[in-house]
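The chain contents come next:
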Amino acid sequence: MKIEEIIDVLRGQFSELSFELLENSTPGGIIIPLNGMVDVMQFLHSDERCYFDMLSCVTGVDNGPEENSMELVYNLYSIPYDIHLAIKVIVPRQKPMVESLVAIWKTADWQEREVYDMYGIDFLGHPDLRRILMPADWEGFPLRKDYKEQKYYRGMEVKY
């Protein structure tokens, strides 16, 4: 199935939502609205025409304070159909929040924690949302464009 066919299937199932082709994306991708994300992802996982049974990666993108948005990119894979798909969701930069997908794909557990740790995006309903790469008491989110490095951590100078 091609990306355009997947978009057609999604438009048929979710006529109230808008879907856009993600330009210059490898694998091919779709931009989906935040307000329908969980339903769309559940559909992509369970519908026999798509059956994206594997969540390979979740990553964040900080568009910076001037853009005032952040992005989540989910890389899905259908093992039986050998189809790769990128899903992009845009979230507001101030208090970025999105529903967790752990209930759909168990692999979202640590991946969402990593995005939370590096970008500060909250995953609502996550069973254990806490830092996974940085110390629990670390200040800030290192991959945000406006991140300021700490000069000291627990009384020791931090050298970069």
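Student: So what's going on with the overall build of the protein chain? Which residues, and what values?
Tutor: When you go through the protein chain residue by residue, the secondary structure sums to 3 helices and 9 strands. Secondary structure elements of the protein chain occur, N-terminal to C-terminal, as α-β-β-α-β-β-β-β-α-β-β-β. In terms of overall dimensions, the protein chain has C-alpha extents of about 55 × 30 × 25 Å along its principal axes. Taking all 160 residues of the protein chain together, the buried fraction comes to 45%. Within the protein chain, contacts between residues at least 6 apart in sequence are counted, and of these 50% link residues at least 24 apart. As displayed, the protein chain offers around 9,100 Å² of accessible surface, 50% of which is attributable to carbon and sulfur atoms. Between the centroid of the 16 positive side chains of the protein chain and the centroid of its 27 negative side chains there is a distance of 8 Å.

Student: Explain the pairing of strand 5 (residues 83–92) to me, and be specific about the residues and the numbers.
Tutor: Most of strand 5 is tucked away: 7 of the 10 residues are buried. Here strand 2 (residues 29–31) runs beside strand 5; their pairing, made up of 3 bridges, is parallel. Its bridge partner being in strand 5, isoleucine 30 is matched across the sheet by isoleucine 87. Two strands pair when backbone bridges link them, and strand 4 (residues 69–78) and strand 5 are joined in this way by 10 bridges, in the antiparallel orientation. Counted as the bridge partner of tyrosine 74 is isoleucine 87 from strand 5.

Student: Tell me about the packing of aromatic side chains, and please be specific about residues and values.
Tutor: If you walk through the whole model with that rule in mind, you get 3 aromatic pairs. Relative to tyrosine 153, the ring of tryptophan 138 lies with its centre 5.1 Å away and its plane at 45 degrees, an arrangement referred to as tilted. With tryptophan 138 in the loop between strand 7 (122–124) and strand 8 (152–153) and tyrosine 153 in strand 8, the pair connects residues that are 15 residues apart, well separated along the chain. The residues tryptophan 138 and tyrosine 153 share a single accessibility class, namely buried.

About the cut-offs
Throughout this description, residue numbers start from 1 for each chain and increase along the sequence as written. Since the coordinates come from a predicted model, pLDDT governs what is reported: local features require at least 70, and pairs of side-chain atoms require 80 or more to be given and counted, while whole-chain, interface and lining totals use all residues. No hydrogens and no water enter the side-chain calculation; it runs on all heavy atoms of the structure. Numbering of helices and strands runs from the N terminus, with a helix taken as a DSSP run of H or I at least four residues long and a strand as a DSSP run of E at least two residues long. Only protein chains enter the accessibility calculation, which uses a 1.4 Å probe; a residue whose area is less than 20% of its type maximum is buried, one above 50% is exposed, and one in between is partly exposed. Contacts: residue pairs with any heavy atoms within 4.5 Å of one another. Where accessible areas are quoted, they stem from the Shrake-Rupley method and a 1.4 Å probe; at the residue level, only the protein chains shown are allowed to cover. The charge count treats Lys and Arg as positive and Asp and Glu as negative. His and the chain ends do not count. One atom stands in for each charge, and that atom is NZ of Lys, CZ of Arg, CG of Asp or CD of Glu. Between any two strands, at least two bridges found by DSSP are needed for them to pair. Think of it this way: a Phe, Tyr or Trp ring, Trp meaning its six-membered ring, pairs with another when their centres are within 6.5 Å, and the plane angle makes it stacked under 30 degrees, edge-to-face over 60, tilted otherwise.

Honestly, that's just the spatial picture; any functional story needs more than this.
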